[in-house]
Amino acid sequence: ELKVEQNPLFLSMQEGKNYTIYCNYSTTSDRLYWYRQDPGKSLESLFVLLSNGAVKQEGRLMASLDTKARLSTLHITAAVHDLSATYFCAVGMMDSNYQLIWGAGTKLIIKP
Amino acid sequence: DVKVTQSSRYLVKRTGEKVFLECVQDMDHENMFWYRQDPGLGLRLIYFSYDVKMKEKGDIPEGYSVSREKKERFSLILESASTNQTSMYLCASRTGLWWNQPQHFGDGTRLSIL
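Keep in mind that what you see is a predicted model, and the values were worked out from it rather than measured. (Residues numbered from 1 in each chain as written. Chains lettered and ligands numbered in written order. Predicted model: local features only at pLDDT ≥ 70, side-chain atom pairs only at ≥ 80, totals over all residues. Heavy atoms only, no water.)

**Describing the sheet that holds strand β8 (residues 71-76) of chain A**
All names here are of chain A. Taken in spatial order, the five strands make up an open sheet running β1-β3-β8-β7-β6, and their pairing is antiparallel. A strand with exactly one partner marks an edge of an open sheet, and here the two such strands are β1 (4-7) and β6 (55-58). This sheet shows a mean twist of 15° between the axes of neighbouring strands, independent of strand direction. The pairing of strand β7 (residues 61-66) with β8 spans six bridges and is antiparallel. In the sheet register, Ser 64 faces β8, and the bridge partner there is Thr 73. (Pairing = 2+ DSSP bridges. Helix = DSSP H or I, 4+ residues; strand = E, 2+ residues; numbered from the N terminus. Axes fitted to C-alpha atoms, helices over the stretch in contact; angles between N-to-C directions.)

**Regarding the packing of aromatic side chains**
Tallied over the entire structure, the rule returns eleven aromatic pairs over all chains. Pairing Tyr 98 of chain A with Phe 48 of chain B gives two aromatic rings, centres 5.2 Å apart and planes at 25°, and the pair type is stacked. Residue Tyr 98 of chain A is found in the loop between β9 (85-92) and β10 (100-102), and its partner Phe 48 of chain B is found in strand β5 (residues 42-51); the two belong to separate chains. Residue Tyr 98 of chain A is classed as partly exposed on the basis of its relative accessible area, which comes to 24%. On the basis of relative accessible area, Phe 48 of chain B is assigned to the buried category, the value being 5%. (Phe/Tyr/Trp six-rings, centres within 6.5 Å; stacked < 30°, edge-to-face > 60°. Buried < 20%, exposed > 50% of the residue type's maximum accessible area, 1.4 Å probe, protein only.)

**Description of the interface of chain A and chain B**
Taken together, the contact between chain A and chain B spans 20 residues of the former and 24 residues of the latter. Surface buried jointly by chain A and chain B totals about 1,800 Å² across both partners, of which 56% is contributed by carbon and sulfur atoms. When the buried area of chain A at its contact with chain B is split by residue, Tyr 98, Gln 99 and Trp 102 of chain A rank highest and sum to 33% of it. Summed over the shared surface of chain A and chain B, the number is zero salt bridges. Here chain A is connected to chain B by seven residue pairs in polar contact (both at pLDDT 80 or more). When its residues are assigned to classes, the side of chain A that touches chain B shows eleven nonpolar, seven polar and two charged. (Contact = heavy atoms within 4.5 Å. Buried area = accessible area lost by both parts, 1.4 Å probe. Salt bridge = Lys/Arg side-chain N within 4 Å of Asp/Glu carboxyl O. Polar contact = N/O pair within 3.5 Å; in protein donor to acceptor, adjacent residues only side chain to side chain. Nonpolar A, V, L, I, M, F, W, Y, C, P; charged D, E, K, R; others polar.)

**Here we look at the state of the cysteines**
All names here are of chain B. One pass over the full model with this rule turns up two disulfides over all chains. Note on cysteine connectivity: Cys 23 is disulfide-linked to Cys 91, with sulfurs 1.9 Å apart. Classification of the bridge connecting Cys 23 and Cys 91 rests on its S-S torsion, roughly -80°, and on that basis the disulfide is left-handed. You can see Cys 23 sitting in strand β3 (residues 19-25) and its partner Cys 91 sitting in strand β9 (residues 87-94), a full 68 residues away along the chain. What makes Cys 23 buried here is its relative accessible area of 0%. On the basis of relative accessible area, Cys 91 is assigned to the buried category, the value being 0%. (Disulfide = S-S within 2.5 Å.)

**Here's the deal with the sheet that holds strand β1 (residues 4-6) of chain B**
All names here are of chain B. Reading across from one edge, β1-β3-β8-β7 is the order of the four strands in this open sheet, with antiparallel pairing throughout. Both outer strands of the open sheet, β1 and β7 (64-70), are each paired with one neighbouring strand and no more. Ignoring which end each strand starts from, the neighbouring axes of this sheet average 20° apart.

**A few points about the environment of Arg 9 of chain B**
Residue placement: Arg 9 of chain B occurs in the loop between β1 and β2 (10-13). Between the C-alpha atoms of Arg 9 of chain B and Leu 111 of chain B, which are 102 residues apart in sequence, the distance is 8.3 Å. Here Arg 9 of chain B is in contact with Gly 40 of chain A together with Asp 107, Gly 108, Thr 109 and Arg 110 of chain B, once residues within four sequence places are set aside. Only 3.5 Å separates the side chain of Arg 9 of chain B from the backbone oxygen of Gly 108 of chain B, close enough to count as a polar contact.

Below is the structure:
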């Protein structure tokens with residue numbers, strides 16, 4: 001059974017600092033997604049990672065995937081207040097083209 | 001841009017009522033999904049539909065049913081609402097042409113069952 005674990009679940013940090021959110025999963029997968037959710041809003045797709053060693057960057061966010069370690073990281077560089085949100089990773093099930101297993105989410109608060 | 005529209009942002013119903021949540025997407029997507037989101041649990045899949053009139057159970061289908069009579073519309077039905085179905089409900093859609101593409105979400109319906 002595929003399980004997805006994110007940590008930390010809550011993170012409060014100062015502007016200008018760097019930090020990393022981790023997403024571990026328990027069985028083989030061929031696709032991993034990162035989403036962002038602002039309070040009271042919908043989920044917005046950030047990154048799609050499909051292969052071992054994949055790295056994608058958008059502004060101050062960078063996501064990477066290590067399929068051998070079953071680990072993805074979302075790195076925040078020089079955090080700014082606008083990045084405050086809840087971040088989710090979701091991992092595709094190998095025996096389904098449709099189903100994703102979601103992490104519990106990391107609530108990130110960046111203080112000015 | 002993909003637009004996924006859920007009919008209500010907030011809904012209050014009573015136990016035992018039959019409740020309908022509606023979702024419409026405008027991108028001709030084949031696949032549509034219903035999730036519920038509860039604090040600390042992430043998103044859990046209730047049902048999905050890979051094409052018109054086709055549906056599959058997700059991880060927590062008990063107490064729910066779905067309907068997809070038209071490609072753009074996917075309805076979630078709570079047959080007899082109970083208080084443990086109080087939650088945020090999210091609808092999503094995705095193209096069926098490329099299975100690794102991300103899902104696109106609506107704004108959610110916050111449902112309270114009294």
